[in-house]
Each structure stands twice: as C-alpha cells, then as structure tokens.
Amino acid sequence: MNRLHNFSAGPAALPLDVLKKVEKELVDYQNKGASLIEMSHRGPEYTAINTEAAERLKRITGAGNDWIVQFLQGGASSQFMMVPQNFLGSDQTADYIDTGSWSSKAIREARLFGNVHIPFSGKENNYSAIPDNSELNASDNAVYTHFTSNNTIFGSQFRKEPETGGSLLVCDASSDFLSRPIDIDKYGLIYAGAQKNLGPAGVTVVMIRKSFLETQVSRTMPTMLNYKTHVDTLFNTPPVFAVYFLNYVLEWIEDKGGLSWFETYNADKAALLYDEIDRDEFYRGTVEKGSRSHMNVTFRLGSEELEKKFLAEASQHRLSALKGHRSVGGVRASIYNACEVDSVKALVDFMKQFRSDNG
Ligand SMILES: *Cc1c(COP(=O)(O)O)cnc(C)c1O
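Residues numbered from 1 in each chain as written. Predicted model: local features only at pLDDT ≥ 70, side-chain atom pairs only at ≥ 80, totals over all residues. Heavy atoms only, no water.

## Concerning the side chain of His146
Note the following rule: The secondary structure listing takes helices from DSSP runs of H or I that are at least 4 residues long and strands from runs of E that are at least 2 residues long, numbered from the N terminus. Any residue under 20% of the maximum accessible area for its type is buried, any over 50% is exposed, and the rest in between are partly exposed; the area is computed with a 1.4 Å probe on protein chains only. Here a polar contact is recorded for every N or O atom pair within 3.5 Å, except that within protein the pair must consist of a potential hydrogen donor and a potential acceptor, and residues adjacent in sequence are included only if both atoms are side-chain atoms.
Here His146 is to be found in strand β5 (residues 145–148). Of the residues examined, His146 reaches a relative accessible area of 2% and is grouped as buried. Within the local environment of His146, its side chain forms a polar contact with the side chain of Tyr191, the two groups lying 2.7 Å apart.

## Some words on the packing of helix α3 (residues 75–87) against helix α4 (residues 101–110)
Stated precisely, the cut-off is as follows: What counts as an axis is a line fitted to C-alpha atoms, over the stretch in contact for a helix, and the angles between N-to-C directions run from 0 to 180 degrees. Convention used here: angles under 35 degrees read as roughly parallel, angles over 145 as roughly antiparallel, angles from 65 to 115 as roughly perpendicular, and any remaining angle as oblique. Note: crossing handedness is left-handed where the near helix turns anticlockwise from the far helix by less than a right angle, and right-handed where it turns clockwise. Contact criterion: two residues are considered in contact whenever any of their non-hydrogen atoms come within 4.5 Å of each other. Each residue is assigned to one class: nonpolar for Ala, Val, Leu, Ile, Met, Phe, Trp, Tyr, Cys and Pro, charged for Asp, Glu, Lys and Arg, and polar for all the others, Gly among them.
One can describe the packing of α3 onto α4 by two numbers: an axis separation of 8 Å at closest approach and a directional angle of 40°. Overall, the two elements α3 and α4 adopt an arrangement that is oblique. At the point where α3 passes α4, the crossing takes the right-handed sense. Contact residues: α3 offers Ser77, Phe80, Met81 and Pro84, while α4 offers Trp102, Lys105, Ala106, Glu109 and Ala110. Counted by class, the contact of α3 with α4 contains 6 nonpolar, 1 polar and 2 charged residues.

## A short note on the sheet that holds strand β3 (residues 93–96)
Put simply, the rule is: Only strands that DSSP links by at least two bridges are regarded as paired with each other.
On the basis of which strands lie adjacent, the open sheet formed by 7 strands has the order β2-β10-β9-β8-β5-β3-β4 and mixed pairing. Looking at which strands have only one partner, the edges of the open sheet turn out to be β2 (67–72) and β4 (115–117). With direction set aside, neighbouring strand axes in the sheet form an average angle of 20°. Taken together, the 6 bridges between β2 and strand β10 (residues 204–209) define a ladder with antiparallel strand orientation. From the neighbouring strand, Phe71 faces β10, where its bridge partner is Val205. Running over the sheet, helix α2 (residues 44–61) touches β2 and β10 and is turned about 130° from β2.

## Section: the pattern of salt bridges
Our working rule: When a carboxyl oxygen of Asp or Glu lies within 4 Å of a side-chain nitrogen of Lys or Arg, that pair is called a salt bridge.
Following the criterion strictly, the structure yields 18 salt bridges and no others. For Asp66, the salt bridge is made with Arg209, and the minimal N-O distance between the two is 3.2 Å. Placement of Asp66 in the loop between α2 and β2 and of Arg209 in strand β10 is noted, with a sequence separation of 143 residues between them. Here Asp66 falls in the partly exposed class, since its relative accessible area comes to 34%. Under the relative-accessibility criterion, Arg209 is labelled buried at 10%. For Arg355, the salt bridge identified is with Glu276, shortest N-O distance 2.7 Å.

## Here we look at the sheet that holds strand β11 (residues 284–285)
In space, the 3 strands of this open sheet follow the order β11-β12-β14, with antiparallel pairing throughout. Two strands in the sheet have a free side with no partner beyond their single neighbour: β11 and β14 (331–334). Across the sheet, helix α7 (residues 258–277) lies against β11, β12 (296–300) and β14, angled at about 10° from β12, the strand it touches most.

## Some details on the nonpolar core
Put simply, the rule reads: Definition of nonpolar core: a set of buried residues of the types Ala, Val, Leu, Ile, Met, Phe, Trp, Tyr and Cys, connected through side-chain atoms within 4.5 Å. What fixes the domain bounds is an automatic or database domain assignment.
Core analysis: the largest hydrophobic core is formed by 52 residues, its most contacted members being Leu57, Phe71, Phe177 and Leu178. Mapped by element, the contributors of at least two residues to this core are α1 (16–25), α2, β2, β8 (169–172), β9 (187–193), β10, α6 (240–256) and α7. Tallying contributions element by element places α6 first for this core, with 11 residues. When residues are assigned to domains, this core turns out to be shared by domain 1 (16–256) and domain 2 (258–358), each giving three or more. Every residue in contact with Leu57, bar those within four places of it in the chain, is listed here: Val69, Phe71, Phe177, Leu178, Val205, Met207 and Leu250. Counting residues in each nonpolar core, the second largest holds 26 residues, with Leu273, Leu301, Leu311 and Leu319 among its members.

## Description of empty space enclosed by the protein
For clarity, the threshold we go by: Grid points spaced at 1 Å over the protein atoms alone were grouped into cavities, where a 1.4 Å probe fits but cannot get out, and pockets, open sets with protein on both sides within 12 Å along at least five of seven lines, with lining residues defined by an atom within 4 Å of a point. Grid points are joined across faces, edges and corners, and a volume is the space filled by probe spheres set on the points.
One pass over the structure, following the stated rule, counts 3 cavities of 30 Å³ or more. Of the pockets and cavities examined, the largest cavity occupies roughly 50 Å³. Lining the largest cavity are Ala13, Leu14, Pro15, Lys196, Asn197, Leu198, Gly199, Val249, Trp252, Tyr336, Asn337 and Ala338. Residues of the lining of the largest cavity, tallied by class, amount to 8 nonpolar, 3 polar and 1 charged. Each of domain 1 (16–256) and domain 2 (258–358) accounts for three or more of the residues forming the lining of the largest cavity. Volume-wise, the second largest cavity comes out at about 40 Å³. Along its surface, the second largest cavity is lined by Asn6, Phe7, Ser8, Ala12, Ala13, Ser334, Tyr336, Ala338 and Cys339.

Have a look at this one:
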C-alpha cells in the first residue's frame, strides 16, 4: 500500500484506521450475511448506528439534551437555503458576517427570504482577515447571526466565536467542525457537510438547539426542507453509508482524546507550515497572521510560473492536491483532523528543498 500525502480540500483524507475497518466489514457486516449499506434504514443495525452517531456528536461537542442532531442531504449548500427559510421571516433581519465565498453564497440565499444585515465584510480586502469583535457592527434585532467558522478557500478562521448583538449563532462549520472545542452555549444551529473533516460526501450534519427550533417562522414550505420533519424520526432514507462511516470517525475522534486533543494536534501541524512560510520572502501567506486557518493553509510563491513548478514537483513527491481553489490560485494545503503530522513534515521538507533549488 502506498497512500499519498493527501492535502485535498474536500472530499478529503479520511482516517486510515476507519477506512480499513469499513473495508473489512463492508461485504459482511457483523456476520449478518449482508453489507450494512444493503440493509433497511429502519432495521436494528442502521438504527443503532444512527442513534450512536447522534449521541457521539452531542458528547464530543458538549451539547446537552436540548440539542437535536439531524443527518441531512443536499450538502452545506442546501443549508444556505434551509436556515433562512425556517428562521428568517420576510419582515425580519438576520446578521451575516461575510468572510469569504461560502459566506457570500449563504447571504445570497438568505436574501430570498428576509432582510440581511452584514456586520462585517472582508470583501474589499480580498478576504484576507477575520474581524475583531470591535469591527462587528451587529444589528440589535437579528433573529440569528450567521458566520463561517473556517474559510476553506481563502484560508482564514475565526479563533473564537464572534460576538453578536444578542442573537444566537448559526454556523457553517463545514471545514473545521470537530477540529477544536466550541462554546456550544452560543449557538442555535451548526451545520457541516461531512466531506471536509467528518467523513465521506453525502451527509450534512445539522445540530439544532430545541429552543431555537421553536423560533421557526410560520411559512409554507416543502416537507423535506422543514427541520421539524426530521425531528426524532427518519422521514426518508438517510445517506446510510456516509452516516455509518461518520460514526466510526466519531469513535476515532473520541479514542484519540476528543476536541482538545485535536485542537493541539491541528495547531501544531499548522505551525510547522506557517513557520516555513514565514522563514523568508520565498513563500508568502495570503491571510493576516491572527486570522490564519489551522485547516487550510494558503500561500503564494513569487510567480504563477513558480507555483506551477512547485505543484508539479510536489506531486512527484506524492504530495497531492495542493493546488489553490480555482477562484484564487496559489497553493493550499488542507490539513484536517485526518491529515497526519508526517504528511505535513513531508511537505515542509519539500518546501525547504524547493526553496533552496529555486530561491
Ligand atoms: C465545502 C464547503 C461548503 C459547500 O459544501 P457542499 O457540501 O458542497 O454543499 C460550504 N461551506 C464551507 C465552509 C465549505 O467548506
């Protein structure tokens, strides 16, 4: 077996232990004579997995019994629409902090349903920084405040939850959920597409505080898009493979030591890369130091020509998927929970060599 050093932004590297475990039991799940993904989603096997995954998510994040966990489809992109449809009345206002492309997409959808106030936008500075609380111009009547905890494309990340004008937070945590502890009491709803840091594509984890769900607006909406449809019941077939896999990733997170363990592990990995970037002018970080992401490390080289050469030579060293997002260019190393420190060290070694060959 010769696995790549995989820096893909998503679908991204998954824990090898979990891949092997699923491989081992994929054809015959627990001697039942069939794969888990060939069984009814209402049977005892899948029901146990669904329940266990939801319980693990609550335990890992510190969410109490006032929280509901849902495993939905349609990606984080569908949550851009479902959140305002359920929680933003046409005469109400929600605050949306604009820190990158995903935030902007969420804003576009929210405007279909009600008023959007933007307490901060990083757009004019090419999304190179996360706002301090003092830069946030919150409205005092927002029904919720939406933010993107980690900006996958630009490589910036909130160090801690932003202050609001009193409303609960709604968070698109797609690219850093379960990478570090969160202050759960500040949130009303958290959503994350699984394919960055949680598991395979196909499931979107949605955690909703019950009291927040009670603030749902009265509006006619399609059954599938109403969060209440999915409370305490499987309304339709969930993405069973993705939830099954996710459940093992959650087990792996707990076995490693939970979110504080990953916070340190991820910060250490990120520091290895940022130290190398900051060594001199050869590599240039694209984000202000205090706003740098511990998940997506973005940087540029002296010219696009040199960047091309960097990427081509990196792939010869089995360092894969380092190309920056097509909208911004440059280099991006995505180092989610499952990206091993040895992969990061291999990348740093390559960066040193490339500098001395081309500097
Ligand atoms: C990838 C990503 C999305 C989009 O997720 P889909 O599951 O493809 O809809 C949204 N927000 C963030 C922060 C992301 O990283």
